[in-house]
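Residue-level listing of the chains:
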Protein chains: 2
Amino acid sequence: MKKQSVTIYTVAREARVSMATVSRVVNGNPNVKPETRKKVLEVIKELNYRPNAVARGLASKKTTTVGVVIPSVTNDYFARLALGIDDIASMYKYNMILTNSDADDGKALQVVRSMMAKQVDGIIFMGHDITPELRTEFENSTVPVVVAGSMTNDADLPTVRIDYHKATQEATKYLLDHAAKKVALVIGSKATTVNKDFRIPGYQAALKEAGQEVDDKLIFEAHDSYNEGYALAKTIQSTGVDAAFVSDDGIAAGLLNGLTDQGVKVPDDFQIITGNDTKLAEVTRPMLTTVTQPLYDIGAVAMRLLTKLMNGDQEESKEATTIEGSSVILAHGFVKRQSTK
Amino acid sequence: MKKQSVTIYTVAREARVSMATVSRVVNGNPNVKPETRKKVLEVIKELNYRPNAVARGLASKKTTTVGVVIPSVTNDYFARLALGIDDIASMYKYNMILTNSDADDGKALQVVRSMMAKQVDGIIFMGHDITPELRTEFENSTVPVVVAGSMTNDADLPTVRIDYHKATQEATKYLLDHAAKKVALVIGSKATTVNKDFRIPGYQAALKEAGQEVDDKLIFEAHDSYNEGYALAKTIQSTGVDAAFVSDDGIAAGLLNGLTDQGVKVPDDFQIITGNDTKLAEVTRPMLTTVTQPLYDIGAVAMRLLTKLMNGDQEESKEATTIEGSSVILAHGFVKRQSTK
DNA sequence: GTGAAAGCGCTAACAA
DNA sequence: TTGTTAGCGCTTTCAC
């Protein structure tokens, strides 16, 4: 790459002012005489001067760039969060370095390190849990981190999400209240914090409330979304279950289609509630009854929160976060469609 | 943000060598005596030194960051391209600044300017057309640009895509060969290059080949994906059409469900072929017959091509691009599912 | 209101 | 094989 041709120095020389003055007008510093400003602006336009953000970043120690770790862009759930993040980021003139972690802990660590090397001003982390190494990485840095759309094992991290416990409990109760005899819970992994500490307890609470015994065998794991959900259709039937709350829409769609293809009538013989509020839920036939989530807003609020943390005094913010817990819990909803009675 | 505590200088002092030597070992320069390297590496580890990529970028004029313009991350089509891009980018140690253009020309321009200000080493552009302003922006810069997953009005830009003309022609022919009497074409906008110069001519070629008259009224526009496709179900029937090739899966899914909800049997009374090869096509019932596209590969190849352009001599590359056309056309396919006879 | 000058942390000749 | 020395383009005191 060749040397940048027109720099702040070129402009300064051409406008017969100092670099400092050019810098001031570029940055909207009010301490510039209007006519000086006008002159500089003219020269900038004439020369088509564009400030070099890298140089600015080095000098100011701010890059107006945030890092966003996403398990998978092709998952509509995370993509909708990312859209909310990006919109607010753009609004605040931030750019976002977006990288897939492929839901792989090693890659997540590497990705975060790379972002920090690039001196991002903040990080939004999407994912279900954080390894000790990654946690150390976060702790050793002054860069604020916000978790969006899940709950991790690090309760100290500011997090924007819905109340997964309550949502799961409500959905389970709904099923129980609507003639379901035996309700299954289908989640990604029993080991993640969001499931272990929120969804499973919520599910169990609903069962207990209804006077039912909890049976761990009715909790199913499915990772690979649609296909695994489809395959699950057989397994799940053999357990005598006649309803399920499924946390992921891809899995739910697979389960629904798998069931249908086996001649099981949904919702007559089997009811399904899904939990991600993705487009998928409206495309299937029957359409899936869903716990709704303000996905876009979760992303947007996470980014807003991050801007606050980035601007406030770092230590103070961290303090506030840790102690008061600057986490945000947004309201979820429920839309009855065709997969429930 | 406070001054970075441990810099290349700290390491140099601690290891009793010069900054240059530290720089060499960090960058894998072989001209370092093994024991010196070892010593430096030790100090780096001990101090947990992390090179500052911003400073490196300023000094080397390379940021190992590419800009990616995406119309919408929440569209699975583009998300899959982005996944391919990101994977290859990671492989080559590039980060990606990803920004939604919302399919808005003004925003696309602004986004690109912002990326260039951040000194990205290259840009991957996803979108259907380029405004004169944006084209000027590209031309005035030395940053290589690759278009992925579409065809723009700028034929000089290296582009990675499938053969939209042929794909459309084949799909239309398939419908005609399978008892369709009157075939519609449903696209986003008649005005974009990819439709105006590729899909529409392909569609018309198939009709002519079959000895049918072309009727512009059988070409429908739908933008807002699913909902507009759903609404289209009524309109399209009134024209006596009994089959359609739909370029976008969201629209196709909407059309299918709209038709079904009106009691039209697919494929018996109406056949549909869709063109984006998105997950959606497998989730609907009946499942949608589809022109398949190597979406991930389109993104991956685009990123590979970009790395070549970024490494080669800039001018030379640009020359080669313009003259030989370094564009890549990948093979598409066809999967018959349930929405065709 | 404006300018001079010292960095920011690193790379890259050029010497040695 | 290693060190010295300029920058890269900008921000930011600190004077004036």
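Everything numeric in this text was worked out from a predicted model, so none of it was measured.

Draft legend 1. Just the sheet that holds strand β8 (residues 243–246) of chain A, in detail. Residue and element names in this part refer to chain A. Strand order in the open sheet made by the six strands is β7-β6-β8-β9-β10-β12, with mixed pairing throughout. Only two strands of the sheet have a single partner each, and these edge strands are β7 (219–221) and β12 (333–335). Neighbour to neighbour, the strand axes of the sheet diverge by 20 degrees on average, direction disregarded. Examined bridge by bridge, β8 and strand β9 (residues 271–274) share four bridges and lie parallel to one another. By the bridge assignment, F245 is partnered in β9 with I273. Of the strands in this sheet, β6 (183–187), β8 and β9 are in contact with helix α11 (residues 249–261), which crosses β9 at around 165 degrees.

Draft legend 2. View of the sheet that holds strand β9 (residues 271–274) of chain B. Residues and elements named next belong to chain B. Taken in spatial order, the six strands line up as β7-β6-β8-β9-β10-β12 in an open sheet, and their pairing is mixed. Looking at which strands have only one partner, the edges of the open sheet turn out to be β7 (219–221) and β12 (333–335). Averaged over all pairs of adjacent strands, the angle between their axes in this sheet comes to 20 degrees, without regard to strand direction. Sitting on the sheet, helix α8 (residues 164–177) is in contact with β6 (183–187), β8 (243–246), β9, β10 (289–292) and β12, with an inclination near 165 degrees to β8. Running over the sheet, helix α9 (residues 193–209) touches β6 and β7 and is turned about 165 degrees from β6.

Draft legend 3. Representation of the relation of the copies chain A and chain B. Least-squares fitting of chain A to chain B yields an RMSD of 0.0 Å, with the transformation described by 0.0 Å of translation along the axis and a rotation of 180 degrees. The superposition operator between the copies reduces to a two-fold rotation axis. Distance from the rotation axis, computed per C-alpha, reaches its smallest value in chain A at I97(A): 2.2 Å.

Reading the values: rules and limits
- Residues take numbers from 1 onward in each chain, read along the sequence in its written order.
- Naming scheme: in the order in which they are written, chains are lettered from A and ligands are numbered from 1.
- Only residues with pLDDT of at least 70 are given local features in this predicted model, and only at 80 or more are side-chain atom pairs given and counted; all residues enter the totals for whole chains, interfaces and linings.
- The side-chain quantities take in all heavy atoms of the structure and omit both hydrogens and water.
- Note on pairing: two strands pair once DSSP finds at least 2 bridges between them.
- Runs of E in the DSSP output that reach at least two residues are strands. Runs of H or I that reach at least four are helices, and both are numbered from the N terminus.
- Where helices are involved, their axes are fitted lines through C-alpha atoms of the stretch in contact, as for all axes, and angles between N-to-C directions lie from 0 to 180°.
- Should any heavy atoms of two residues lie within 4.5 Å, those residues are counted as being in contact.
- Least squares is the method for superposing the copies, and the C-alpha atoms it fits come from residues with pLDDT of at least 70 in both.

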